[in-house]
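Chain and residue survey
In case you want the letters, here they are:
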Amino acid sequence: MPPTKPVDSESICPCGSNQSLASCCLNYVKGKSPAPTAEALMRSRYTAHALLEIDYLWETWSPEERVRSSKADIEAWARNCEWLGLKITGTKAGGKKDNHGLVSFVALYRQDGELQEHQEVSVFTKTPQGVWLYVDHKK
Ligand SMILES: [Zn+2]
């Protein structure tokens, strides 16, 4: 199996923005430019699950938190799910001038034939270099 899914950059972005991949998450996922806001990073990480861009998921996850999982685990999960849609339900900070942010979302996916709805408030932080990273979900 190829490591990532082939993409048509003109197709609609999986993140639900109603824009093409090329004008939405693709540049972030492919590492061409960093996501400018926490919400943009959240969207691009969802898209990375759908496109099986596991390296991107790993690189945009806070290094201190990565100890809880492995690339192989992330990949197995992403492959095992059919990604059906993302809805951003709220944001707190996470803008271009912020160093921290919260993004609430609902992700729909199918796993083992069962429709699943995952709700989360994700915590994001920005490095001194200006790169947004996913930290964890809010407990
Ligand atoms: Zn997108």
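Residues numbered from 1 in each chain as written. Predicted model: local features only at pLDDT ≥ 70, side-chain atom pairs only at ≥ 80, totals over all residues. Heavy atoms only, no water.

**Regarding the overall build of the protein**
Basically, it comes down to this: Secondary structure elements follow DSSP: runs of H or I no shorter than four residues count as helices, runs of E no shorter than two count as strands, and numbering proceeds from the N terminus. Put simply, the radius of gyration uses C-alpha atoms, and a globule should come to 2.2 Å times the residue count raised to 0.38. Contacts are assigned to residue pairs that have any heavy atoms within 4.5 Å of one another. All accessible areas in this document rest on Shrake-Rupley with a 1.4 Å probe, and a residue is counted as covered only by the protein chains that are shown.
Each helix and strand counted, the protein has 4 helices and 4 strands in total. Taking 14 Å as the expected radius of gyration for a compact globule of 139 residues, we find that the protein reaches 14 Å, a close match to that expectation. If you line up the protein on its principal axes, its C-alpha atoms span 40 × 35 × 25 Å. Taking contacts inside the protein between residues at least 6 apart in sequence as the whole, the part at least 24 apart equals 45%. Split by element, the accessible area of the protein, about 7,800 Å² in all, is 50% carbon and sulfur.

**Re the pairing of strand S4 (residues 132-137)**
In plain terms, the rule: Only protein chains enter the accessibility calculation, which uses a 1.4 Å probe. A residue is then buried if its area is under 20% of the maximum for its type, exposed if over 50%, and partly exposed in between. When DSSP finds two or more bridges between a pair of strands, those strands are recorded as paired.
Among the 6 residues that make up S4, 5 are buried, leaving the element largely enclosed by the rest of the structure. With 5 bridges connecting them, strand S3 (residues 114-126) and S4 associate as antiparallel partners. The residue of S4 that forms the bridge with Lys126 is Trp132. Hairpin geometry of S3 and S4 is characterised by an intervening segment of 5 residues between the two adjacent antiparallel strands and by a positive phi of about 85 degrees at Gly130.

**Comments concerning the nonpolar core**
Note the following rule: Residue types Ala, Val, Leu, Ile, Met, Phe, Trp, Tyr and Cys, when buried and joined through side-chain atoms within 4.5 Å, form a set referred to as a nonpolar core.
If you look at the biggest cluster of nonpolar residues, it comprises 36 residues, and the most contacted ones within it are Cys15, Met42, Tyr46, Tyr56, Leu86 and Phe124. Of all elements in the fold, only helix H1 (26-29), helix H2 (38-51), helix H3 (54-59), helix H4 (71-80), strand S1 (81-93), strand S2 (100-111) and S4 reach the threshold of two or more residues within this core. Broken down by element, this core gets its largest block of residues, 8 residues, from H2. Dropping the residues within four chain positions of it, Met42 is found in contact with Leu86, Ile88, Val103, Phe105, Ser122 and Phe124.

**Structural notes on a nonpolar patch on the surface**
Note the threshold: Like charges within 9 Å and nonpolar side chains (Val, Leu, Ile, Met, Phe, Trp, Tyr) within 5 Å are joined into patches, using only residues over 30% in relative accessible area that form no salt bridge. The rule for a salt bridge is simple: a side-chain nitrogen of Lys or Arg has to be within 4 Å of a carboxyl oxygen of Asp or Glu.
A contiguous nonpolar surface patch, about 250 Å² in accessible area, is contributed by Leu84, Leu108 and Leu115. Residue position: Leu84 is located in strand S1.

**Points about the packing of aromatic side chains**
Quick reminder of the rule: Any two rings among Phe, Tyr and Trp, with Trp reduced to its six-membered ring, count as a pair given centres within 6.5 Å; such a pair is stacked if its planes are under 30 degrees apart, edge-to-face if over 60, and tilted if neither.
A full pass over the atoms with the stated rule returns 6 aromatic pairs. Centre to centre, the rings of Trp77 and Trp83 are 5.1 Å apart; their planes meet at 75 degrees, and the pair counts as edge-to-face. A relative accessible area of 34% means that Trp77 is categorised as partly exposed. Three or more aromatic residues link up through ring pairs in this structure, and these residues are Tyr46, Trp77, Trp83 and Tyr109.

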